[in-house]
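Working through the structure, step by step
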Amino acid sequence: MTILNGFIESKERDKSNHYIVMSPIEPKKKYKNVTWIKKETSGIATLLFTLFTSWFYCKFYKCEKIVSFSNINTLFPLKYKVSYFHNILIFEGKGVKYFILRNIIKYFGKKSCVYIVQTSYVKKIFIEAAGYGYNIKICWPGISIHAPKSKASSNSYINKIDDGKLKILVPITNIHLVHKNFELVQSLADFLAGNNIVLIVTADSNLKLSNINFIGMQSRDSYLALLDAVDATLITSTFETLCLPIFESLVKNKPVYVYDAPYVDGLFDDFGTIPGLIRFNNEENLKLKLSNFSKVDIDFEGDVYSPANWDF
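Residues numbered from 1 in each chain as written. Predicted model: local features only at pLDDT ≥ 70, side-chain atom pairs only at ≥ 80, totals over all residues. Heavy atoms only, no water.

A short note on the sheet that holds strand S6 (residues 135–138)
Quick reminder of the rule: DSSP calls a pair of strands paired once it identifies at least 2 bridges connecting them. Counting from the N terminus, the helices are the DSSP runs of H or I reaching at least four residues and the strands are the DSSP runs of E reaching at least two. Axis lines are fitted through C-alpha atoms, for helices just across the contact stretch, and the angle between N-to-C directions can take any value from 0 to 180 degrees. Between two residues, a contact is recorded if the distance between any of their heavy atoms is within 4.5 Å.
With respect to topology, four strands assemble into an open sheet ordered S3-S4-S5-S6, the strand pairing being parallel. The sheet is open, and its two borders are formed by strand S3 (65–68) and S6, each paired with just one other strand. This sheet shows a mean twist of 20° between the axes of neighbouring strands, independent of strand direction. Two elements, S3 and strand S4 (residues 80–84), share four bridges in a ladder whose sense is parallel. Paired with Lys65 across the two strands is Tyr80, which belongs to S4. The sheet contacts of helix H5 (residues 120–130) involve strand S5 (113–117) and S6, and relative to S6 the element is tilted by about 160°.

Comments concerning the state of the cysteines
We count it as follows: By definition, disulfides here are pairs of cysteine sulfur atoms that lie within 2.5 Å.
Tallied over the entire structure, the rule returns zero disulfides. With no disulfide partner, Cys139 has as its closest neighbouring cysteine sulfur the one in Cys113, 13 Å distant.

Things to note about the nonpolar core
The condition that has to hold: Only buried residues count toward a nonpolar core. Its members are Ala, Val, Leu, Ile, Met, Phe, Trp, Tyr and Cys residues joined through side-chain atoms within 4.5 Å. Exposure classes here rest on a 1.4 Å probe applied to the protein chains alone. A residue is buried below 20% of its type maximum, exposed above 50%, and partly exposed in between.
Ile105, Phe126, Ile246, Phe247 and Tyr263 are the most contacted members of the largest nonpolar core, which totals 42 residues. Broken down by secondary-structure element, the contributors of at least two residues to this core are helix H2 (44–60), helix H3 (89–92), helix H4 (96–108), S5, H5, helix H9 (244–251), strand S11 (256–259) and helix H10 (262–271). The element best represented in this core is H5, accounting for six residues. Setting aside residues up to four positions removed in sequence, Phe247 forms contacts with Trp140, Ile143, Leu242, Leu267, Phe271 and Tyr305. Grouped together as the second largest cluster of nonpolar side chains are 23 residues, Leu166, Ile168, Ile212 and Phe214 included.

Shown next as structure tokens:
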């Protein structure tokens, strides 16, 4: 919903168009030019709705364009179709689901459809996997860190941690997803044992590890408050579409230690230097970099991460 909310908010002053939004959860704010219709699907029903049913709704409400945030779009003819592609697993992942989606894009996704991707790296992977001939536009989604002034409940947990310990946030909500590379988190925890470092993981788990604390999935507001309370963020993913937690951490003036994976090169290609993003490639390398830990001070007047491009 973060992406959808950002898109809708960007259209608040658009007096020339009216937007029919269909989603399972109501957008955060109400706008005069937006009509929300509750529509909840899952699994194969979501696929069928995107490919077929959405077109009939489009015709019923006399819409000229379909903007799909499901990575693919309707197969039926329409002059304007926009697909927001935000899941690189479609091209990198295994399994029937991803096989179906990438073949829909490859064999049915070219005609009259604009694909929106977030970085040049994703565009590169898209072309390598699907081929040339697609209309692909790079639009940075921006970083929104607005949260209520009241402190979130997660801070009460942080306050119980010894002030002498370095508190590092690990934003993984499912430790079983292979590309999140939780095995590396465990290996790092073992290697850093006895170094006054505690890893705070936003997932539920029954694992008992001395310097890893599982606090469960956080609400958006709680997560942003959590960023204020920790000292740094740790990212261990082997690949990502974008990895917003990197930039959320940086905009919150917290350094982020990132496992050196190909998608990170793509981020540097787009931004050049990224102050506060510290790469590491193994346990020893991370330990060395943490020994030189220092806080980040981003110049917000020159902040290039927060502004978004929703011009589609």
